[in-house]
Amino acid sequence: DAKTTQPNSMESNEEEPVHLPCNHSTISGTDYIHWYRQLPSQGPEYVIHGLTSNVNNRMASLAIAEDRKSSTLILHRATLRDAAVYYCILRAYNTNAGKSTFGDGTTLTVKP
Amino acid sequence: KAGVTQTPRYLIKTRGQQVTLSCSPISGHRSVSWYQQTPGQGLQFLFEYFSETQRNKGNFPGRFSGRQFSNSRSEMNVSTLELGDSALYLCASSPGLNYNEQFFGPGTRLTVL
């Protein structure tokens, strides 16, 4: 499975934008880029996903490099509730690849 | 809709015992995946079930097994427990295979003494 690389930790101030990077240089053409986050004492929560084009939803934006070897999750205005571990994962689109390979994730700390 | 539920939430076992964990997916979801989360190894995929059939399996020994019932509920079993099996076991469901979003349950915290 293609792997992802993320920084171990990042800090942000409340109400400022946060850019969380992810490298996936071995991504294949059928891999979707997904982001999940895990708040303390909870299971992971879906944030956003994309294939080639940048994506926006109510939670965040996903910017995907033209060569697809990296992506950035953008939280436009960080709140204290956004403090979590953020996982960037690749999920292949074919019938026998439902499993997801989670990396170590980035621990985001949001300072008031 | 109710979310993914896992039972029990906490479990303490001793080495050599076996354990069964249960997962009830969101109503209408047919795919269930299991993950093990430990501080040292992070979140690791165990297996995925769809329509009562195991579709994918991670790199875990045969002591880890699972099954899915016709109502999509799933169980995983760990036999001959080892200290290293202490972990948070997470279940995730999605409407089908290759669906874009997985919905995770709160997990079962297993402690092996």
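Counting restarts for each chain, with residues numbered from 1 along the sequence as it is written. For naming, the first written chain is A and the first written ligand is 1, with later ones following in the order written. At least 70 in pLDDT is required for a residue's local features to be given in this predicted model, at least 80 for side-chain atom pairs to be given and counted, and no such filter applies to totals for whole chains, interfaces and linings, which use all residues. To obtain the side-chain values, all non-hydrogen atoms of the structure were used and water was disregarded.

A closer look at the sheet that holds strand E3 (residues 19-24) of chain B
Residues and elements named next belong to chain B. Put simply, the rule reads: Strands pair, by our definition, only if DSSP identifies at least two bridges between them. The helix count covers DSSP runs of H or I at least four residues long, the strand count covers runs of E at least two residues long, and both are numbered beginning at the N terminus. Only C-alpha atoms enter the line fits that serve as axes; for helices the fit covers just the stretch in contact. Angles between N-to-C directions range over 0 to 180 degrees.
Strand order in the open sheet formed by four strands is E1-E3-E8-E7, with antiparallel pairing between adjacent strands. Of all strands in the sheet, those with a lone pairing partner are strand E1 (5-7) and strand E7 (64-68), marking the two edges. Going across the sheet, the axis of each strand differs from the next one's by a mean of 20°, ignoring polarity. When E3 meets strand E8 (residues 74-78), the two strands line up antiparallel, connected through five bridges. Its bridge partner lying in E8, Cys 23 is registered against Ser 74.

Let's talk about the pattern of salt bridges
All names here are of chain A. Worth spelling out the cut-off: Here, a salt bridge means any Lys or Arg side-chain nitrogen found within 4 Å of an Asp or Glu carboxyl oxygen. With a 1.4 Å probe rolled over the protein chains alone, any residue whose accessible area is under 20% of its type maximum counts as buried; one over 50% counts as exposed, and the rest are partly exposed.
Inspection of the entire model under this criterion finds eight salt bridges over all chains. Among the salt bridges present, the one from Glu 45 reaches Arg 37, with a minimum N-O distance of 3.0 Å. Given a relative accessible area of 34%, Glu 45 falls into the partly exposed group. Residue classification places Arg 37 among the buried residues on the basis of a relative accessible area of 11%.

Overview of the state of the cysteines
Let me state the cut-off plainly: Whenever a pair of cysteine sulfur atoms sits within 2.5 Å, that pair is classed as a disulfide.
Taken as a whole and judged by the stated rule, the model has two disulfides over all chains. Residue A:Cys22 pairs covalently with A:Cys88 via a disulfide, S to S 2.1 Å. Measuring the twist about the S-S bond at about -80°, one finds the A:Cys22-A:Cys88 disulfide to be left-handed. Here A:Cys22, found in strand E2 (residues 18-23), pairs with A:Cys88, found in strand E8 (residues 84-92); they are 66 residues apart in sequence, far enough to count as distant. By relative accessible area, which is 0% here, A:Cys88 ends up buried. Between the sulfur of B:Cys23 and that of B:Cys91 lies a disulfide, 1.7 Å long from S to S. Here the S-S torsion is close to -55°, and the disulfide linking B:Cys23 with B:Cys91 is therefore left-handed.

What to know about the packing of aromatic side chains
Residue and element names in this part refer to chain B. Heads up, the condition is: Think of it this way: a Phe, Tyr or Trp ring, Trp meaning its six-membered ring, pairs with another when their centres are within 6.5 Å, and the plane angle makes it stacked under 30 degrees, edge-to-face over 60, tilted otherwise.
This model, assessed by the stated rule, comprises six aromatic pairs over all chains. With centroids separated by 5.7 Å and ring planes inclined at 70°, the aromatic side chains of Tyr 35 and Phe 45 adopt a geometry described as edge-to-face. Of the two residues, Tyr 35 sits in strand E4 (residues 31-38) while Phe 45 sits in strand E5 (residues 42-50), which places them ten residues apart along the sequence. Each member of the pair, Tyr 35 as well as Phe 45, is classed as buried.

Examining the nonpolar core
Grouped burial of nonpolar side chains is what soluble globular proteins tend to show. Quick reminder of the rule: We call a set of buried residues a nonpolar core when its members are Ala, Val, Leu, Ile, Met, Phe, Trp, Tyr or Cys and they connect through side-chain atoms within 4.5 Å of each other.
Membership of the largest hydrophobic core comes to 21 residues, with the highest contact counts inside it found for B:Trp34, B:Leu46, B:Phe64, B:Met76 and B:Tyr89. If you list the elements that add at least two residues to this core, you get E3, E4, E5, E8, strand E9 (87-94) and strand E11 (108-112) of chain B. Core analysis: the second largest hydrophobic core is formed by 20 residues, A:Ile27, A:Trp35, A:Leu62 and A:Ala84 among them.

Quick word on the sheet that holds strand E6 (residues 61-64) of chain A
Residue and element names in this part refer to chain A. An order of E2-E7-E6-E5 is seen for the four strands of this open sheet, with the pairing classed as antiparallel. Single-partner strands in this sheet number two, and they are E2 and strand E5 (55-56). As judged from the four bridges shared by E6 and strand E7 (residues 70-75), these two strands associate in the antiparallel manner. Directly across from Leu 62, in E7, lies its bridge partner Leu 73.

A closer look at unusual backbone geometry
Residues B:Thr7 and B:Pro8 are joined by a peptide bond in cis, for which omega reads -10°. Following the sequence through the fold, B:Pro8 ends up in the loop between E1 and strand E2 (10-13). The phi angle at A:Arg68 is positive, at roughly 65°, despite the residue not being glycine. Assessed through its relative accessible area of 9%, A:Arg68 is described here as buried. Its identity is not glycine, yet B:Ser51 carries a phi of approximately 50°, on the positive side. Residue class for B:Ser51 comes out partly exposed when judged on its relative accessible area of 29%.

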